[in-house]
Amino acid sequence: MISIIVPIYNTASYLSRCIESLQQQTVQDIEILLVDNGSTDDSLSICQAYAEQDPRICVLEESRKGAAYAREMGIHVARGAFLTFVDSDDWIDADMYEQMLSEMEAEETVDIVVGGFVRNIDGADHDDGPRHLMRRDDAQTAIGILLDGEIYGCILCDKLYRRSLFDHLPPLSDYTPFAEDLELNLLLFLRARYVTFLPIYGYHYYMRPESISHRGFSVDFVHRVRRLRFLRTLFPVDAQELRQRMDVLTFEAASSFLQGMLSQNAFEVPEYEEVQGILKESGKELGMEVPSQLLASVKQCREDRADRRHQMEKAVRQALQETGKKKVYLYGAGIIGRETAMALQ
């Protein structure tokens, strides 16, 4: 049996498409675990309506703790020898799991099958690049392909896993939501004997603007930079190529974080020094030149910001002293004004 785990939060508009694509699978021995994550729209009632009509569907409820908790709940109750995941705004082709299961049943040493995905933007599928012939690889080779990201991605949802790979894993809730799929896949791939890449591309990954995976810059992305730096330690010391690939991802993530600070004028991020240090460390290990212009730009902007705030704070204190008033109203002062007001409270 295949256990299909679907974390759900406020996706009522897309949910029927997702559930019906699972119901239409050509392989019949499945269970569909719909885990509602504290939705405030009609998602839960939609799930319950489908469950009343299809005995293969089980609806689980949990408070708003995030997709990782929802997946973990699904794993705990799953009865199948094989596990897979689907995001509730995505959908899959009818024969996807039949093809993946056939490969896994034919080769008992294959613990993961990767089917690939296509991105769906505004209702149209987009092929992102080269496709690969079917191949079967050991764990380290497979991780290398995964990290390359040119053909197959690090998402959980286009893969079929043997249930036993999840035994004694750290709680999924321990992973940062900004690198959760990558971290879990690395742990599972390292446990696998062999991985088959099966280029069927039957998973349709819907690019929803408000989805967590597509957010703009956030200071919370510092958790991703930290986690990427940590993940290199999962690989054996002699797996230098894999460690180097993780260093590349870390270097790129740290650079993107600093660029995001510039684009969003977020110069008061307390983790700035930490991210800068990680960027320099990963660059040194790669033998790559650290983008000095980027660092200089961020440094200059932070200094300018601090100087402007200092000047405004000085002017406000002087105005309060000269007028004897207890309040000063700042109009059109923007972020600097808000920061000054907080400093004077």
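Computed from a predicted structure; not experimentally measured.

Along its length, the chain carries eleven helices and twelve strands. Across the 345 residues that make up the chain, the buried fraction comes to 48%. Long-range contacts, defined here as pairs at least 24 residues apart, represent 79% of the contacts in the chain between residues at least 6 apart. Accessible surface for the chain amounts to roughly 17,200 Å². Of this, 49% is attributable to carbon and sulfur atoms.

Turning our eyes to something else, we now look at the nonpolar core. If you look at the biggest cluster of nonpolar residues, it comprises 88 residues, and the most contacted ones within it are Tyr 97, Phe 166 and Leu 258. Ranked by the residues each element gives to this core, the list is headed by helix 8 (residues 240–263), at nine residues.

A few words on the side chain of Glu 183. Considering the arrangement of structural elements, one finds Glu 183 in helix 6 (residues 180–191). Side-chain polar atoms of Glu 183 contact the side chain of Arg 227, separated by 2.7 Å.

Turning to the pattern of salt bridges, a few remarks are in order. One pass over the full model with this rule turns up 19 salt bridges. A salt bridge links Asp 167 to Arg 163, with the shortest nitrogen-to-oxygen separation between them at 3.4 Å. Given the relative accessible area of 36%, Asp 167 is considered partly exposed. Arg 232 is the partner of Asp 247 in a salt bridge, and the nearest nitrogen-oxygen pair spans 2.7 Å. Highlighted residues: Asp 247 in helix 8 and Arg 232 in the loop between helix 7 (222–231) and helix 8, separated in sequence by 15 residues. Summarising the burial analysis for this pair, Asp 247 and Arg 232 share the class buried. Put simply, Arg 229, Arg 232, Asp 247, Glu 281 and Glu 285 are held in one network by salt bridges that share partners.

As a further point, take the sheet that holds strand 11 (residues 194–197). Pairing is mixed across the open sheet formed by eight strands, whose spatial order is 3-2-1-4-10-6-11-9. In the strand order of this sheet, the two ends are held by strand 3 (57–61) and strand 9 (135–138), each with one partner. On average, each strand axis in the sheet is inclined to that of its neighbour by 25°, with strand direction left out of account. Taken together, the three bridges between strand 6 (residues 110–114) and strand 10 (residues 159–162) define a ladder with antiparallel strand orientation. Residue pairing across strands places Ile 112 opposite Tyr 161, the latter belonging to strand 10.

Of the two faces of strand 12 (residues 203–206), the one lined by Tyr 203 and Tyr 205 and the one lined by His 204 and Tyr 206 are each fully buried. Summarising the sheet, strand 5 (residues 91–92) and strand 12 pair through two bridges and their orientation is antiparallel. Residue pairing across strands places Ile 92 opposite Tyr 203, the latter belonging to strand 12. Here strand 7 (residues 117–121) runs beside strand 12; their pairing, made up of four bridges, is parallel. When the bridges of strand 12 are listed, Arg 119 appears paired with Tyr 205.

Time to look at the sheet that holds strand 5. Note: strands within a sheet are paired through backbone hydrogen bonds, in either parallel or antiparallel orientation. Across the sheet, which stays open at both edges, the four strands sit in the order 5-12-7-8 with mixed pairing between neighbours. Among the strands making up the open sheet, the edge pair consists of strand 5 and strand 8 (124–126). In the sheet, strand 7 pairs with strand 8 via three bridges, with the strands oriented antiparallel. Residue pairing across strands places Arg 119 opposite His 126, the latter belonging to strand 8.

Another aspect to go through is the confidence of the model for the chain. Across the chain, the average pLDDT comes to 83, with 78% of residues at or above 70. Ranking the elements of the chain by mean pLDDT puts helix 11 (residues 334–344) last, at 58, and strand 4 (residues 82–85) first, at 98.

With that settled, the discussion passes to the packing of helix 7 against helix 8. Helix-helix packing: each pair is described by the crossing angle between the helix axes and the interaxial distance. At their nearest, the axes of helix 7 and helix 8 sit 9 Å apart, and the two run at 165° to each other. Overall, the two elements helix 7 and helix 8 adopt an arrangement that is roughly antiparallel. Relative to helix 8, the crossing made by helix 7 is left-handed. Residues Val 222, Val 225, Leu 228, Arg 229 and Leu 231 of helix 7 pack against Met 246, Asp 247, Leu 249, Thr 250, Ala 253, Ala 254 and Phe 257 of helix 8.

Attention shifts here to helix 1 (residues 12–23). The end-to-end C-alpha distance of helix 1, which contains twelve residues, comes to 17 Å, matching closely the 16 Å that a straight helix rising 1.5 Å per residue would cover. If you check which residues of helix 1 are buried, you get Tyr 14, Leu 15, Cys 18, Ile 19, Ser 21 and Leu 22. Viewed along the axis of helix 1, the buried residues span an arc of 155°, placing them on a single side of the element.

Procedures and definitions
Residues numbered from 1 in each chain as written. Predicted model: local features only at pLDDT ≥ 70, side-chain atom pairs only at ≥ 80, totals over all residues. Heavy atoms only, no water. Helix = DSSP H or I, 4+ residues; strand = E, 2+ residues; numbered from the N terminus. Buried < 20%, exposed > 50% of the residue type's maximum accessible area, 1.4 Å probe, protein only. Contact = heavy atoms within 4.5 Å. Areas by Shrake-Rupley, 256 points an atom, 1.4 Å probe, with all protein chains shown as cover. Core = buried A, V, L, I, M, F, W, Y, C linked by side-chain atoms within 4.5 Å. Polar contact = N/O pair within 3.5 Å; in protein donor to acceptor, adjacent residues only side chain to side chain. Salt bridge = Lys/Arg side-chain N within 4 Å of Asp/Glu carboxyl O. Pairing = 2+ DSSP bridges. Axes fitted to C-alpha atoms, helices over the stretch in contact; angles between N-to-C directions. pLDDT = per-residue confidence, 0-100. Parallel < 35°, antiparallel > 145°, perpendicular 65-115°, else oblique. Left-handed = near helix turned anticlockwise from the far one by under 90°. Expected span 1.5 Å × (residues − 1). Arc of directions from axis to C-beta.

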